[in-house]
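Below, each chain spelled out in residue letters.
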Amino acid sequence: MFGFLDLWVQNPIVMVVLLIAGFVLLVKGADWLVDGASGLAKRWGVTDLVIGLTVVAFGTSMPEFVVNIISALSGNNELAITNILGSNSINIFVILGLTALIWPVSSKSQSRKVDIPVACLASLLVLFFACYTRPRPWNWDLASQFNMADGDDYITRIGGVVLVICFVLYMIYLFRHAKENSDENETFAPMAVWKALLLIVVGLVGLTIGGQCIVKSATQMAHALGLSDAIIGLTVVALGTSLPELATSCMAAAKKNSDLALGNCVGSCIFNVFFVLGITSCITPLAAYKGLFLDAMMSFLAPLMVLLFVCNDKKKEISRLEGGVLLLVYAGYLGFRIFTL
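Residues numbered from 1 in each chain as written. Predicted model: local features only at pLDDT ≥ 70, side-chain atom pairs only at ≥ 80, totals over all residues. Heavy atoms only, no water.

Visitor: Tell me about a nonpolar patch on the surface, and please be specific about residues and values.
Guide: Together, Val161, Ile165, Val168, Leu169 and Ile172 line one region of the surface with nonpolar side chains, adding up to about 430 Å² of accessible area. The topology assignment puts Leu169 in helix α8 (residues 157-180). (Patch = residues over 30% accessible without salt bridge, like charges linked within 9 Å, V, L, I, M, F, W, Y side chains within 5 Å. Areas by Shrake-Rupley, 256 points an atom, 1.4 Å probe, with all protein chains shown as cover. Salt bridge = Lys/Arg side-chain N within 4 Å of Asp/Glu carboxyl O. Helix = DSSP H or I, 4+ residues; strand = E, 2+ residues; numbered from the N terminus.)

Rendered as structure tokens:
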């Protein structure tokens, strides 16, 4: 169906245009899908609480999810994994770092006690898989992890099931917590059935075509520039699929509502690992690539640094200085990653 892209994407200009068009279709497709599904669910009598925790939450993870599924099924394993690891690192190091520079990022008790620790747990599981699924799992040293070879087992279907179970448990907690702290304000309006269905269909088509454009053009771009798919996945694709989080967080900071930015970024990290990576590896086991251990370690370090920052600060916030530190750490990591691995 998308075979014509293989021919068109050979042209450098077309390659860039397809990549940009893919991101636009991906983001807009997710928006249309969420709007249509939310309007339809409201018409069927579904509460705002359920819509917010399911339709909206899943919809914001659709860009990463679609790119991951298409990448994994097309055999582009590196893009499937680095899309998630890169998105999580960008969410914390870059987006929260930039947000803190605009306005210090405050944190709520819920974030400090539950959400950020769960994000650390999710990233720790990813790091554990990177260490454990070696040919001889309990006979490894740190140096060998940095030399992890292409094709080594990484996340099997069993690992995917573990991640999905963690996701279900987290969702159960969210429902219970939200129910106890919910208000009666209505935020979702019912929509005409035909309009809702049209938005859902158009959104799904946009997500599918956008995902195909991104995977095809990003893969070709990596080959044309002499870079690995992993580097393109960690940077261009990860940043593109994190655009909704970037826009939301910067706007929240500009309005001095920075606690929304923290919840937005941390929640995205949790969904990316438990839901997107879990479902992807259940469909097709994911193999390792060179540099995986470092990418997984940085994905774990990101929420851990945030947890340390907010817990050790009297105001329980990420200061401008700490935001700068997050950006510098990411810059150092990315430079090392590109030029050494």
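Visitor: Quick one: what's the story with helix α9 (residues 193-225), residue by residue and with numbers?
Guide: The terminal C-alpha atoms of α9, which comprises 33 residues, lie 47 Å apart, in line with the 48 Å expected from a rise of 1.5 Å per residue. Gly226 lies just past α9 and shows a positive phi near 75°. (Expected span 1.5 Å × (residues − 1).)

Visitor: Which residues make up unusual backbone geometry, and what values go with them?
Guide: Even without being a glycine, Lys316 presents a positive backbone phi close to 55°. Topologically, Lys316 is positioned in the loop between α13 (292-312) and β4 (317-318). Look at Lys316 and you get partly exposed, because its relative accessible area is 29%. (Buried < 20%, exposed > 50% of the residue type's maximum accessible area, 1.4 Å probe, protein only.)

Visitor: Any chance you could break down the pattern of salt bridges for me, citing the residues and the numbers?
Guide: Inspection of every chain in the model, using the stated rule, returns one salt bridge. The shortest N-O distance in the salt bridge between Arg337 and Asp295 comes to 2.8 Å. Of this pair, Arg337 sits in helix α14 (residues 320-340) while Asp295 sits in helix α13, and the two are 42 residues apart along the sequence. Grouping residues by exposure puts Arg337 and Asp295 together as buried.

Visitor: If you had to explain the packing of helix α2 (residues 12-43) against α9 to someone new, which residues and values would you point to?
Guide: Two numbers describe how α2 lies on α9: the axes approach to 6 Å, and their chain directions differ by 155°. The orientation of α2 relative to α9 falls into the category roughly antiparallel. Considering the relative orientation of α2 and α9, their crossing is left-handed. For the contact of α2 with α9, the residue count by class is 25 nonpolar, nine polar and two charged. (Axes fitted to C-alpha atoms, helices over the stretch in contact; angles between N-to-C directions. Parallel < 35°, antiparallel > 145°, perpendicular 65-115°, else oblique. Left-handed = near helix turned anticlockwise from the far one by under 90°. Nonpolar A, V, L, I, M, F, W, Y, C, P; charged D, E, K, R; others polar.)

Visitor: Before we move on, could you go through the nonpolar core and cite the residues and values that matter?
Guide: In terms of nonpolar packing, the biggest core is built from 95 residues, with Leu96, Tyr154, Phe274 and Ile318 touching the most fellow members. Residues within four places of Leu96 in sequence aside, it is in contact with Asn91, Val105, Ala261, Leu262, Cys265, Val306, Ile318 and Leu326. (Core = buried A, V, L, I, M, F, W, Y, C linked by side-chain atoms within 4.5 Å. Contact = heavy atoms within 4.5 Å.)

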